[in-house]
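Take a look at the letters that make up each chain.
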Amino acid sequence: MASNNPLIRKLQGLFPLTPEEERVLEHACNRTVRFGADEDVVVEGDRPSDCNLLLEGLACRYKLLPDGKRQIMSFHRAGDIFDSQSFILEVMDHSIATLTPCTLALIPHKVMLEITEAHPRIARALWKDTLVDAAIFREWMTSIGRRPAYARVAHLVCEEYVRSLAVGLAKDHVFEWPVTQAEIGDALGLSFVHVNRSLKELREHGLVTFKSGRVIIKDWDGLAAAGQFDPAYLHLRPADEPTRASGERTDGHSLTAL
Amino acid sequence: MPRYYFHVHDGYSSIDNEGTELPSLNAAREEAVQTAAGILRDSSQKLWAGEPWRLEVADGAGDVLLTVNFSVQIPAVVAAS
């Protein structure tokens, strides 16, 4: 059985955990808090005392420029600890906002310290998660710096699909992604009108449709080709590898579904 | 907020039927230049194929409020050589 805890589901896709390690993580996630849509969770300059684990909803990391322009640096869904760096780096160098109503689990830094000291394999799993985070930033940098708008948008849709699939939030090339075109523009460095035009082109080419927050991928191979998308940088474990250290296999996040 | 329509004419013209809500004509001007820059960045080959490039911003009544033009030229003497 895949765990109901999205963090465990996500880490299982990256690194095999033992049932004992899963229990420890499960226990650390018992304090939750709810946010509405478009609220700041942490702001640049804050010194948080907890790490935030997203249990439900969509959030993003962003920076605001002096002229009011916003750069979104990543999108997050259930299973992401989007400010795990606050545990080590102390002062936030960017802000985090919800995009939809969100439920978060607060994991005190003190608990993070206890867990990572007592369970070095959990520390390694979280380390891998952080490294994959960095790999995703490298991919975004490549997109924003060099890929044409059409490929940028296609690549982002592919990435969101595979990341949703990895935590059981996507199925059969359909997933919920209720972001606005303005948010996609802020993430990809494109004007609103250019995002609109690129989405329209993707739709007209029969690759993907967008309907009230739901993405339906009509032609996965075509979309991946349009986005120059290769999921290698997400470093997900192959589907035929045992998901748990115990050797037990779980379903719900296999790349074979692509 | 008024709705503005961004039509791109670049050989295989793209007519904007949906439009975009923006706070002011100034915001539409900014959006027009940002959009033109973004599209032009990706369109080098099409430009040199010879089609003049034009982005028009129209209002809900279909009246054109502003135009961004872009064209490339090769002097005849160079083209002939």
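It should be emphasised that the depicted structure is a prediction, and the values quoted were computed from it without experimental measurement.

### Concerning the overall build of chain B
So, point 1. Tallying secondary structure elements over chain B gives 3 helices and 4 strands in all.
So, point 2. A compact globule built from 81 residues would reach a C-alpha radius of gyration of about 12 Å, whereas chain B, at 15 Å, exceeds it by more than 25%.
So, point 3. Projected onto its principal axes, the C-alpha coordinates of chain B cover approximately 55 × 20 × 20 Å.
So, point 4. Evaluated residue by residue, chain B yields a buried proportion of 36% over its 81 residues.
So, point 5. Approximately 4900 Å² of chain B is accessible, and the part contributed by carbon and sulfur atoms is 54%.

### Side note on the nonpolar core
So, point 1. Ranked by internal contacts, the top residues of the largest apolar core, which has 62 residues, are Phe75, Trp177 and Leu223 of chain A.
So, point 2. Per-element tally for this core: the top contributor is helix 6 (residues 149-166) of chain A, with 9 residues.
So, point 3. The residues touching Phe75 of chain A, leaving out its near neighbours within four places in the chain, are Ala59, Cys60, Asp80, Leu99, Trp140, Leu156, Glu160, Arg163, Trp177, Val179, Glu183 and Ala187 of chain A.
So, point 4. Residues Phe6, Val8, Ala28 and Val57 of chain B belong to the second largest nonpolar core, which totals 16 residues.

### Considering the state of the cysteines
All names here are of chain A.
So, point 1. Evaluated as defined, the whole model comprises 0 disulfides over all chains.
So, point 2. There is no disulfide at Cys51, and the cysteine sulfur nearest it, in Cys29, is 11 Å away.
So, point 3. On the basis of relative accessibility, which here comes to 0%, the residue Cys51 falls in the buried class.

### What about the interface of chain B and chain A?
By a widely used convention, the size of an interface equals the accessible area lost when the partners come together.
So, point 1. Taken together, the contact pairs 15 residues of chain B with 16 residues of chain A.
So, point 2. Carbon and sulfur atoms make up 42% of the area that chain B and chain A hide from each other, which totals about 1200 Å².
So, point 3. For chain B, the biggest contributors to the area lost against chain A are Glu18, Arg41 and Asp42 of chain B; these three give 34% of the whole.
So, point 4. On the surface where chain B and chain A come into contact, there are 3 salt bridges.
So, point 5. A salt bridge links Lys69 of chain A to Glu30 of chain B; its shortest N-O distance comes to 3.6 Å.
So, point 6. Elements that contribute at least two residues to the side of chain B that touches chain A include exactly strand 1 (3-9) and helix 1 (25-41) of chain B.
So, point 7. With 7 residues, the single largest contributor to the side of chain B that touches chain A is helix 1 of chain B.

### What about unusual backbone geometry?
Residue and element names in this part refer to chain A.
So, point 1. Here the phi dihedral of Asp38 falls at roughly 55°; this positive angle occurs in a residue that is not glycine.
So, point 2. When you line up the elements, Asp38 lands in the loop between strand 1 (32-35) and strand 2 (40-42).
So, point 3. Within the chain, Gln228 stands out as a residue other than glycine whose phi angle is a positive 50°.
So, point 4. Along the chain, the position of Gln228 falls in the segment after helix 9 (220-226).

### A closer look at the sheet that holds strand 4 (residues 59-64) of chain A
All names here are of chain A.
So, point 1. Spatially, 2-6-4-5 is the arrangement adopted by the 4 strands of the open sheet, whose pairing is antiparallel. Every interior strand has two partners, whereas the edge strands, strand 2 and strand 5 (70-76), have only one. This sheet shows a mean twist of 35° between the axes of neighbouring strands, independent of strand direction.
So, point 2. In this structure, strand 4 lies alongside strand 6 (residues 95-98), joined through 4 bridges in antiparallel fashion.

### Side note on the side chain of Ser191 of chain A
So, point 1. For Ser191 of chain A, the location among the structural elements is in the loop between helix 7 (181-188) and helix 8 (192-204).
So, point 2. By relative accessible area, Ser191 of chain A is classed as buried at 10%.
So, point 3. Looking at Ser191 of chain A, its side chain comes within polar contact range of the side chain of Glu31 of chain B, at 3.5 Å.
So, point 4. In terms of polar contacts, Ser191 of chain A uses its side chain to reach the side chain of Thr35 of chain B, at 2.5 Å.

### So, the packing of aromatic side chains
So, point 1. Taken as a whole, this structure holds 7 aromatic pairs over all chains when the rule is applied.
So, point 2. An aromatic cluster of three or more residues is present, and its members are Phe75, Trp140, Tyr161, Phe175, Trp177, Trp220, Phe229 and Tyr233 of chain A.

### Some details on a negative patch on the surface
Residues and elements named next belong to chain A.
So, point 1. Together, Asp38, Glu39, Asp40 and Asp46 line one region of the surface with negative charge.
So, point 2. Residue position: Asp40 is located in strand 2.
So, point 3. A relative accessible area of 39% means that Asp40 is categorised as partly exposed.

What counts as what
- Residues numbered from 1 in each chain as written.
- Chains lettered and ligands numbered in written order.
- Predicted model: local features only at pLDDT ≥ 70, side-chain atom pairs only at ≥ 80, totals over all residues.
- Heavy atoms only, no water.
- Helix = DSSP H or I, 4+ residues; strand = E, 2+ residues; numbered from the N terminus.
- Rg over C-alpha atoms; globule rule 2.2 N^0.38 Å.
- Buried < 20%, exposed > 50% of the residue type's maximum accessible area, 1.4 Å probe, protein only.
- Areas by Shrake-Rupley, 256 points an atom, 1.4 Å probe, with all protein chains shown as cover.
- Core = buried A, V, L, I, M, F, W, Y, C linked by side-chain atoms within 4.5 Å.
- Contact = heavy atoms within 4.5 Å.
- Disulfide = S-S within 2.5 Å.
- Buried area = accessible area lost by both parts, 1.4 Å probe.
- Salt bridge = Lys/Arg side-chain N within 4 Å of Asp/Glu carboxyl O.
- Pairing = 2+ DSSP bridges.
- Axes fitted to C-alpha atoms, helices over the stretch in contact; angles between N-to-C directions.
- Polar contact = N/O pair within 3.5 Å; in protein donor to acceptor, adjacent residues only side chain to side chain.
- Phe/Tyr/Trp six-rings, centres within 6.5 Å; stacked < 30°, edge-to-face > 60°.
- Patch = residues over 30% accessible without salt bridge, like charges linked within 9 Å, V, L, I, M, F, W, Y side chains within 5 Å.
- Lys, Arg positive; Asp, Glu negative; His and termini not counted.
- Charge placed at Lys NZ, Arg CZ, Asp CG, Glu CD.

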